[in-house]
Amino acid sequence: MGDYDEDTAFLGQTGPYFWVTFFLLNTVFVSTGFNGLYIIFAGATPKHHCLIPDVNLTEEWRNAIIPFTGVDGEEIKSQCSRYKLDVVKNLSSEGYVPGRDVNLTSLQQEECLDGWTYSKQIYQSTIVTEWNLVCDNQWKVPFASSSLFVGYLFGSLISGQLSDRFGRKKVVFMSLAVQCLSVLLQSFSQSWKMFCIIFLFVGASQISIYISAFVLGTEVLSKTMRVLFTTLGAFLFYCIGYMTLPWIAFGIRDWRTLLAVLSATSVVYIPLWWFISESPRWLVTQGRVVEAEAIVRDAARRNKVAAPPVIFKESEIQEIPAGRKYTMLDILKFKKLRCITLMCLLLWMSINIGYFGLSLNTSNLSGNPFMNCFLSAISEVPAYIVSTLLLRVSPRRVLLSVFLFLGGGVLLLIQFIPESVQQVALALEMTGKFGFTMAFSIVYIYTAELYPTVLRNVGMGVCSSAARIGSITAPYIIYLGTYDKVLPYILMGSLTISSSMVNLFLPETLHKDLPETVEQMQECQGLCRRSKKRKCIQNGATHNSLSQLEAKSEVETLNL
């Protein structure tokens, strides 16, 4: 296929068609902000202690039956044990007074055999209070969070192929319907297992919405609007949903009602089917040129510009076999694709560990959990604005390395902050969130610009699938904080700094047209060049040609 951007240059860089598409597609991302992180509130663990049954105990013994334990240097009531009820009943009936007549530390303890009592000061109910996911069962909470990200993994793998086969638009709206139904069914879960299974479908549909809508906007919008969409647009509207979530949860403290209300928000997207068009780029690669031209001509009419008699020349279209279908296996067939994909996988994985690790940790911070979530969300807004401005003029590789290093560096500094100045640690954590958010927004547009149109959605899906390994791991990294508060920060910081060097080997895409075919893709820097050099030696290249290759590599290294 010829250069799509050149063929459609007559549409201009802005206009009513582009702006309407921009805003309508961005509203879809609000739903991903709603449904991506409601586990923060649905899976929150309120203060709790062993349930004391209605037995004949004096008020002194009823208050003393829960032992105290030390947590982070502070004495609090035990959440998983109590003094043996039979022993306490006997001592109470005989008139002994705890602490005066009886040394409590000498009494035997037992597990919470009768269940737990949960504070309703913040939450009326969560999945933790519903199914007693505390003490020996507390591992089930991060497991539930991970099930969402496992759904992300499957959704990334499936949606990319579905979108490249059936179209971006169809997959976006099909995924919205699945998300709405899944969240609604989840609100009627009768067990923790049922909750986790349905959470798989929630995750699969949500990431499918995000990737397909992201690729659709990338392919439909002009060069100028594309950068705005993939940074300030898509991510900012996601952040709007993220920022709105804590206030909805603040007004609805019951997890079942919360999920039912969130599922109903997807209904508002039904009318958008008649206002959002399919990607003309994708249609042309499928050989459906008539449909693509109809969409482009409609865009020209709405932008009030004249379209040429022939938009896509037949000679250019014939360069790609009509109806050629690409799958994930095609990524392995081409050396350029293998090289770029491997590096992108590592980047996406480390960025997702840091981003979702800090996002899920907001409920563990001191203070109001609703306000903490809102502050965590609002800290992303300046990151999206700054990334939008920088991506217009700055190389992608440099930006990604700088902000990955920033995010990882401040997390490593947290362990050196004393307990007396926790406000500084909180500020560093928000700075780390800023760095990861910047990297998150950059890597999306960077990856979309690296892959050709015929494999863009598949490539995005594969990278997003690898990122889900990081997302699945993130809840357990945060869970390690129950053993050592700084351990999650050390792990996330070290991994991020290590990965900040990987993208330096990727090709630069600033001011470059989107590749349409594999042949139009750029090659990796450094690694592929050394491979070419080895091949040249093995084939007995002349000394002169080898010198030219070395000189070219030195120039490229200096540019890097």
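These numbers were taken from a predicted model, which means no experiment stands behind them.

## A few points about the overall build of the protein
Within the protein, the regular secondary structure consists of 24 helices and six strands. Out of the 560 residues in the protein, the part that is buried amounts to 55%. Long-range pairs, those at least 24 residues apart, make up 81% of the contacts in the protein between residues at least 6 apart in sequence. Element-wise, carbon and sulfur atoms account for 63% of the exposed surface of the protein, whose accessible area totals about 24,200 Å².

## Remarks on the environment of Phe312
Relative to the assigned elements, Phe312 resides in the loop between α13 (289-303) and α14 (314-317). Taking C-alpha positions, Phe312 is 9.0 Å from Ala292, a pair spaced 20 residues apart along the chain.

## Remarks on the side chain of Ser205
Here Ser205 is to be found in helix α9 (residues 192-220). Of the polar contacts made by the side chain of Ser205, one reaches the backbone oxygen of Val202; its length is 3.0 Å.

## Topic: the state of the cysteines
According to the stated counting rule, one finds two disulfides in the structure shown. Note that Cys50 is cross-linked by a disulfide to Cys112, the S-S spacing being 1.7 Å. Since a negative S-S torsion denotes a left-handed disulfide, the Cys50-Cys112 link at about -60° is left-handed. Placement of Cys50 in strand β1 (residues 48-50) and of Cys112 in the loop between β5 (109-111) and β6 (116-118) is noted, with a sequence separation of 62 residues between them. Looking at Cys112, the relative accessible area reads 8%, which means it is buried.

## Some words on helix α19 (residues 396-413)
Taking 1.5 Å of rise per residue, 18 residues should cover 26 Å, and α19 covers 26 Å from first to last C-alpha, within 8% of that figure. All buried positions along α19 are accounted for by Arg396, Arg397, Leu399, Leu400, Ser401, Phe403, Leu404, Gly407, Gly408, Gly409, Val410 and Leu411.

## Considering the pattern of salt bridges
The full count for this structure, using the stated rule, is 12 salt bridges. A salt bridge links Arg82 to Asp114, with the nearest nitrogen and oxygen atoms 2.8 Å apart. In this pair, Arg82 sits in strand β4 (residues 81-83) while Asp114 sits in the loop between β5 and β6, placing the two residues 32 residues apart along the sequence. Accessibility expressed as a relative area gives 36% for Asp114, which makes it partly exposed. Connected through shared salt-bridge partners, Arg82, Glu110 and Asp114 make up one network.

## Some details on the packing of aromatic side chains
With the rule as written, the count across this model stands at 26 aromatic pairs. Considering the side-chain rings of Trp131 and Phe195, the 6.3 Å spacing of their centres and the 65° angle between planes classify their relative orientation as edge-to-face. Taken together, the positions of Trp131 in helix α6 (residues 127-131) and Phe195 in helix α9 put the pair 64 residues apart, joining distant regions of the chain. Note on accessibility: Trp131 and Phe195 belong to one class, buried. An aromatic cluster is present here, built from Trp19, Phe22, Phe23, Phe29, Tyr210, Phe214, Phe229, Tyr238 and Tyr242 joined pairwise through their rings. Sitting over the ring of Trp192, Lys140 keeps its end group 4.9 Å from the ring centre. Positioned above the aromatic ring of Phe250, the side-chain terminus of Arg253 is 4.6 Å from the ring centre.

## Focus on a nonpolar patch on the surface
A contiguous nonpolar surface patch, about 440 Å² in accessible area, is contributed by Trp247, Phe250, Met371, Leu375 and Ile378. Every element with two or more residues in the nonpolar patch is listed here: α10 (223-251) and α17 (369-378). In terms of residues, the nonpolar patch owes the most to one element, α17, which gives three residues. Considering the arrangement of structural elements, one finds Leu375 in helix α17.

## Some points on the UniProt feature "transmembrane region" (unreviewed entry) in the protein
The UniProt entry lists residues 17-41, 194-216, 228-249, 255-276, 337-357, 369-391 and 398-418 under the feature "transmembrane region" (unreviewed entry), expressed in the numbering used here. Regarding residues 255-276, the helix share stands at 45% and the strand share at 0%, and the terminal C-alpha atoms are separated by 33 Å. With 76% helix and 0% strand, the stretch residues 398-418 has end C-alpha atoms that lie 33 Å from each other.

## Side note on helix α22 (residues 487-499)
With 13 residues, α22 ought to run about 18 Å at 1.5 Å a step, and its terminal C-alpha atoms sit 19 Å apart, in line with that. Three or more residues of α22 are buried, namely Pro488, Tyr489, Met492, Gly493, Thr496 and Ser499. For α22, the buried positions fall inside an angular range of 140° around the axis, keeping them on one side.

## Description of the packing of helix α2 (residues 16-36) against α9
Taken N-terminus to C-terminus, the directions of α2 and α9 make an angle of 160°; their axes are 10 Å apart at the nearest point. With respect to α9, the element α2 is oriented roughly antiparallel. Crossing angle aside, the handedness with which α2 passes α9 is left-handed. Of the residues in α9, those touching α2 at Tyr17, Phe18, Thr21, Leu25, Val28, Phe29, Ser31, Thr32, Asn35 and Gly36 are Val202, Gln206, Ile209, Tyr210, Ala213, Phe214, Leu216, Gly217 and Val220.

## Observations regarding unusual backbone geometry
You will see that Asn132, though not glycine, has its phi angle at about 55°, which is positive. Tracing the backbone through its elements, the reader meets Asn132 in the loop between α6 and α7 (140-166). Unusually for a residue other than glycine, Cys135 sits at a positive phi of about 55°. Of note, Cys135 is situated in the loop between α6 and α7. In this structure Cys135 comes out as buried when scored by relative accessible area, which is 15%.

## With respect to the side chain of Ser81
Here Ser81 shows up in strand β4. You can call Ser81 buried: its relative accessible area is 14%. Of the polar contacts made by the side chain of Ser81, one reaches the side chain of Ser78; its length is 2.9 Å. In this structure the side chain of Ser81 is engaged in a polar contact, spanning 3.2 Å, whose partner is the side chain of Gln109. When near neighbours in sequence (up to four residues on either side) are disregarded, Ser81 contacts Cys50, Ile66, Pro67, Gln109, Glu110 and Cys112.

Scoring rules and cut-offs
Residues numbered from 1 in each chain as written. Predicted model: local features only at pLDDT ≥ 70, side-chain atom pairs only at ≥ 80, totals over all residues. Heavy atoms only, no water. Helix = DSSP H or I, 4+ residues; strand = E, 2+ residues; numbered from the N terminus. Buried < 20%, exposed > 50% of the residue type's maximum accessible area, 1.4 Å probe, protein only. Contact = heavy atoms within 4.5 Å. Areas by Shrake-Rupley, 256 points an atom, 1.4 Å probe, with all protein chains shown as cover. Polar contact = N/O pair within 3.5 Å; in protein donor to acceptor, adjacent residues only side chain to side chain. Disulfide = S-S within 2.5 Å. Expected span 1.5 Å × (residues − 1). Salt bridge = Lys/Arg side-chain N within 4 Å of Asp/Glu carboxyl O. Phe/Tyr/Trp six-rings, centres within 6.5 Å; stacked < 30°, edge-to-face > 60°. Lys NZ or Arg CZ within 6 Å of the ring centre and 35° of its normal. Patch = residues over 30% accessible without salt bridge, like charges linked within 9 Å, V, L, I, M, F, W, Y side chains within 5 Å. UniProt positions renumbered as here; feature names shortened; annotations may be inferred. Arc of directions from axis to C-beta. Axes fitted to C-alpha atoms, helices over the stretch in contact; angles between N-to-C directions. Parallel < 35°, antiparallel > 145°, perpendicular 65-115°, else oblique. Left-handed = near helix turned anticlockwise from the far one by under 90°.

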